[in-house]
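An overview of the molecular structure
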Amino acid sequence: MSDSGSGWYDETLHKDVAQRLRMGRVLHRDRTGLQDLVIFENPVLGRVMALDGVVQTTEGDEFVYHEMLTHVPILAHGRVRRVLIVGGGDGGMLRRCLEHKAVERVTMVEIDRSVVDLSIAHLPSISAGAFDDPRTDLVIADGCAFVKNKGVKETAERFDVIIVDSTDPHGPGAVLFTEEFYADCKARLTPGGVMVTQNGVPFLQPGELKDSHRRLGRLFGDAGFFVAPVPSYYGGFMAFGWATDDAALRRQSAEAIRPRFEAAGLTTRYYTPDIHVASFALPAFMLDALK
Ligand code: SAM
């Protein structure tokens, strides 16, 4: 139980450390049929959504996570037309992908319809109308089944960028960290495409980092990570998985990225071309863990 009735929300993701957020007005709290979902107000972070005891997104700091997991792969690739988002129920990832006017379609495969509906109702600033964009293709299904292309909206469609915006590897999100899922994602990428993933906080979840690195490394020519500090993801900066067969994609200079950023006309609060490049510089403890 993540709310001791003390007016605080206690996260339950980690065994020996935890963050707690003051719970102001509770806008929704219920089991969706798949997950425990709560949306509440916090004086610092604004509205907060948590699933199964883990903070998913907050109005106050969602920009860091969503800008980095979209603009880094899309601007590195340079010619993105089709994007697949697996998860992403709050719509923040979808919104940032759609800010790229050259993107023709974003398919978003979210397993829990309630997360979408409640995010639109109580966290409208995060999706900001993205679900109504004619380029949006929302599919309510298990992302694992979708990329396997069996029984869920079977298409021959391939994607230039795949963004795995999942919960942590437990509950419905567990399948989105498996080698089988990554292999099926690879089969859905166009040549030179790139997949990025939510890969936890390496200081507290080193096992998740190593597992993903091993699994992605077996499938892709270039598997690595980039990082960004998301204040409400407790424990230091968050790691994002990076997987592609085009090793040059993550080695571009800020001078190469900057014209694309400017041409896209993006308004950002965290992402810059220099941050883009710097985000791939990993600290020694991560490099050691990945040896
Ligand atoms: N920013 C968050 C983080 O870093 O943990 C993730 C946010 S988003 C709310 C996570 C979404 O993944 C949720 O909406 C959840 O329903 C969805 N999800 C979990 N397992 C899934 C699966 N197997 N297929 C599709 N969506 C899934």
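Residues numbered from 1 in each chain as written. Predicted model: local features only at pLDDT ≥ 70, side-chain atom pairs only at ≥ 80, totals over all residues. Heavy atoms only, no water.

Under the annotation held in an unreviewed UniProt entry, the protein chain carries the name Polyamine aminopropyltransferase and is attributed to Azospirillum argentinense. Comment text from UniProt for the protein chain, heading Sequence similarities (unreviewed entry), reads "Belongs to the spermidine/spermine synthase family." The annotation that UniProt attaches to the protein chain under Function (unreviewed entry) is "Catalyzes the irreversible transfer of a propylamine group from the amino donor S-adenosylmethioninamine (decarboxy-AdoMet) to putrescine (1,4-diaminobutane) to yield spermidine." (UniProt positions renumbered as here; feature names shortened; annotations may be inferred.)

On to the packing of helix H6 (residues 179–187) against helix H7 (residues 206–219). Remark: H6 packs on H7, axes separated minimally by 10 Å, with the N-to-C direction vectors making an angle of 40°. Between H6 and H7, the interaxial angle falls into the category oblique. The chirality of how H6 crosses H7 is right-handed. Here H6 contributes Glu-179, Tyr-182, Ala-183 and Lys-186 to the contact with H7, which in turn contributes Ser-212, Arg-215, Leu-216, Arg-218 and Leu-219. Class assignment of the residues belonging to the contact of H6 with H7 gives a composition of four nonpolar, one polar and four charged. (Axes fitted to C-alpha atoms, helices over the stretch in contact; angles between N-to-C directions. Helix = DSSP H or I, 4+ residues; strand = E, 2+ residues; numbered from the N terminus. Parallel < 35°, antiparallel > 145°, perpendicular 65-115°, else oblique. Left-handed = near helix turned anticlockwise from the far one by under 90°. Contact = heavy atoms within 4.5 Å. Nonpolar A, V, L, I, M, F, W, Y, C, P; charged D, E, K, R; others polar.)

In the neighbourhood of the ligand, 27 residues make up the surrounding shell, with Gln-56, Glu-110, Gly-143, Pro-172 and Tyr-233 lying closest. At 3.2 Å, a backbone N or O of Ile-111 approaches a nitrogen atom of the ligand. Between the ligand and Gly-143 there is a distance of 2.9 Å, counted from a nitrogen atom to a backbone nitrogen or oxygen. Its free accessible area being 590 Å², the ligand has 99% of it covered by the protein chains. Listing elements by their share of the shell around the ligand, those giving two or more residues are strand E5 (46–51) and strand E8 (105–110). (Near = heavy atom within 4 Å. Polar contact = N/O pair within 3.5 Å; in protein donor to acceptor, adjacent residues only side chain to side chain. Areas by Shrake-Rupley, 256 points an atom, 1.4 Å probe, with all protein chains shown as cover.)

Sheet analysis places strand E3 (residues 26–31) next to strand E4 (residues 36–42), joined by five bridges and oriented antiparallel. Across the sheet, the residue bridging to Val-26 is Phe-40, located in E4. With antiparallel pairing between neighbouring strands as the criterion, E3 and E4 make up a hairpin whose turn holds four residues, including Gly-33 at a positive phi of roughly 110°. (Pairing = 2+ DSSP bridges.)

Turning our attention to the packing of helix H1 (residues 62–77) against helix H8 (residues 254–264). The geometry of H1 relative to H8 is characterised by a closest axis approach of 9 Å and an angle of 105° between their N-to-C directions. It follows from the interaxial angle that H1 and H8 lie roughly perpendicular. The residues of H8 that touch H1, namely those facing Leu-75, Ala-76 and His-77, are Ile-257, Arg-260 and Phe-261. Split by residue class, the contact of H1 with H8 holds four nonpolar, one polar and one charged.

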